[in-house]
Amino acid sequence: DGGITQSPKYLFRKEGQNVTLSCEQNLNHDAMYWYRQDPGQGLRLIYYSQIVNDFQKGDIAEGYSVSREKKESFPLTVTSAQKNPTAFYLCASSIAGELFFGEGSRLTVL
Amino acid sequence: SQKIEQNSEALNIQEGKTATLTCNYTNYSPAYLQWYRQDPGRGPVFLLLIRENEKEKRKERLKVTFDTTLKQSLFHITASQPADSATYLCALDMEAGRRALTFGSGTRLQVQP
């Protein structure tokens, strides 16, 4: 089946540790995105990439980093510089404007 | 600053009635507007896209209107069912030259049997 796979689904991290969230798609989409969602709130854009080896900061990029070495993959690293990393993270890919989302990764900082 | 506003209060309706959700935006003139459905703990699912030159769009029991003068979109679900209970998000391309969507905070719909 074609789609977007995020892993892990749940992740616990100690303060001061970096953690990397995986996002893989087999839809052959050029564009990929990372959003963050906090309880009762909408999605906020962290980073996006329109093409391999290129990416742009979104509205809340501080404390996060990404890479886009392959068309299929767009991993997100939550660094220790992110002050409030506990959230639900959503990856998406796009063609013709419509976004296809993964099932999300829930990160909890202990 | 540019903003998208959706009613943060949950909308409760009886099964069979029409649900109407509102999305208002400020300052920017988007090329298109989209609606998504999100169930608890899941990723959003695309429902409909309407372009700036379209007034209305339909898909089965769903209807979306787009008034660029009022800067408002209305999302209707006719003959609502309990299975329609979810949070509905509107999204726009809010920044010129940035090919990424900005989302509203969503409105939770609860359809009572």
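Remember, predicted model here, so these are calculated numbers, not experimental data.

Caption draft 1: Structural detail: the state of the cysteines. Residue and element names in this part refer to chain A. Under the counting rule described, the total for this entry stands at two disulfides over all chains. Residue C23 pairs covalently with C91 via a disulfide, S to S 1.9 Å. Disulfide C23 to C91: torsion about the S-S bond roughly -75 degrees, handedness left-handed. Taken together, the residues C23 in strand β3 (residues 19-25) and C91 in strand β9 (residues 87-95) connect sequence positions 68 residues apart. Since its relative accessible area comes to 1%, C23 is described here as buried.

Caption draft 2: Just the interface of chain A and chain B, in detail. Each partner contributes residues to the interface: chain A has 23 residues there, and chain B has 18 residues. Across the interface of chain A and chain B, roughly 1,500 Å² is buried in total on both sides, 49% from carbon and sulfur atoms. With a closest N to O distance of 2.4 Å, B:R42 and A:E103 form a salt bridge. Along the contact surface separating chain A from chain B lie five residue pairs in polar contact (both at pLDDT 80 or more). Contributing elements (two or more residues each) for the side of chain A that touches chain B: β4 (31-37), β5 (43-51), β9 and β10 (98-101) of chain A. In terms of residue count, the dominant contributor to the side of chain A that touches chain B is β5(A) (four residues).

Caption draft 3: Looking closely at the sheet that holds strand β6 (residues 56-59) of chain B. All names here are of chain B. If you trace the five strands from one edge of the open sheet to the other, you get β1-β3-β8-β7-β6, paired in antiparallel fashion. Pairing within the sheet leaves two strands with one partner each, and these edge strands are β1 (4-6) and β6. Taking each pair of neighbouring strands and ignoring which way they run, the sheet shows an average axis angle of 15 degrees. In terms of strand pairing, strand β7 (residues 62-67) meets strand β8 (residues 72-77) through six bridges, oriented antiparallel. Paired with F66 across the strands is S73, a residue of β8.

Caption draft 4: Structural view of the packing of aromatic side chains. Under the defined criterion, the tally for this structure stands at 13 aromatic pairs over all chains. Note on A:F101 and B:F103: the rings are 6.0 Å apart at their centroids and 70 degrees apart in plane angle, and the pair reads as edge-to-face. On the criterion of chain membership, the pair formed by A:F101 in strand β10 and B:F103 in strand β10 (residues 102-103) is interchain, its members lying in two chains. You'll find A:F101 and B:F103 in the same group, each marked buried. Counting every residue linked through ring pairs, the aromatic cluster contains A:Y33, A:Y35, A:Y48, A:F101, B:Y36, B:F46 and B:F103. A:R68 extends its terminal NZ or CZ atom over the ring of A:F74, reaching a point 5.9 Å from the ring centre.

Caption draft 5: Region of interest: unusual backbone geometry. A cis amide bond links A:S7 to the next residue, A:P8, at an omega of -5 degrees. Mapped onto the elements, A:P8 comes out in the loop between β1 (4-7) and β2 (10-13).

Caption draft 6: Representation of the nonpolar core. Residues and elements named next belong to chain B. Counting 23 residues, the largest nonpolar core has L33, W35, F75 and Y88 as its most contacted members. Among the elements of the structure, β3 (19-25), β4 (32-38), β5 (45-51), β7, β8, β9 (86-92) and β11 (107-112) are those that each provide at least two residues to this core. Ignoring anything within four residues of it in the chain, the contact list for L33 reads C23, Y25, L48, L49, I50, F66, S73, C90, A91 and L92.

The rules behind these values
Residues numbered from 1 in each chain as written. Chains lettered and ligands numbered in written order. Predicted model: local features only at pLDDT ≥ 70, side-chain atom pairs only at ≥ 80, totals over all residues. Heavy atoms only, no water. Disulfide = S-S within 2.5 Å. Helix = DSSP H or I, 4+ residues; strand = E, 2+ residues; numbered from the N terminus. Buried < 20%, exposed > 50% of the residue type's maximum accessible area, 1.4 Å probe, protein only. Contact = heavy atoms within 4.5 Å. Buried area = accessible area lost by both parts, 1.4 Å probe. Salt bridge = Lys/Arg side-chain N within 4 Å of Asp/Glu carboxyl O. Polar contact = N/O pair within 3.5 Å; in protein donor to acceptor, adjacent residues only side chain to side chain. Pairing = 2+ DSSP bridges. Axes fitted to C-alpha atoms, helices over the stretch in contact; angles between N-to-C directions. Phe/Tyr/Trp six-rings, centres within 6.5 Å; stacked < 30°, edge-to-face > 60°. Lys NZ or Arg CZ within 6 Å of the ring centre and 35° of its normal. Core = buried A, V, L, I, M, F, W, Y, C linked by side-chain atoms within 4.5 Å.

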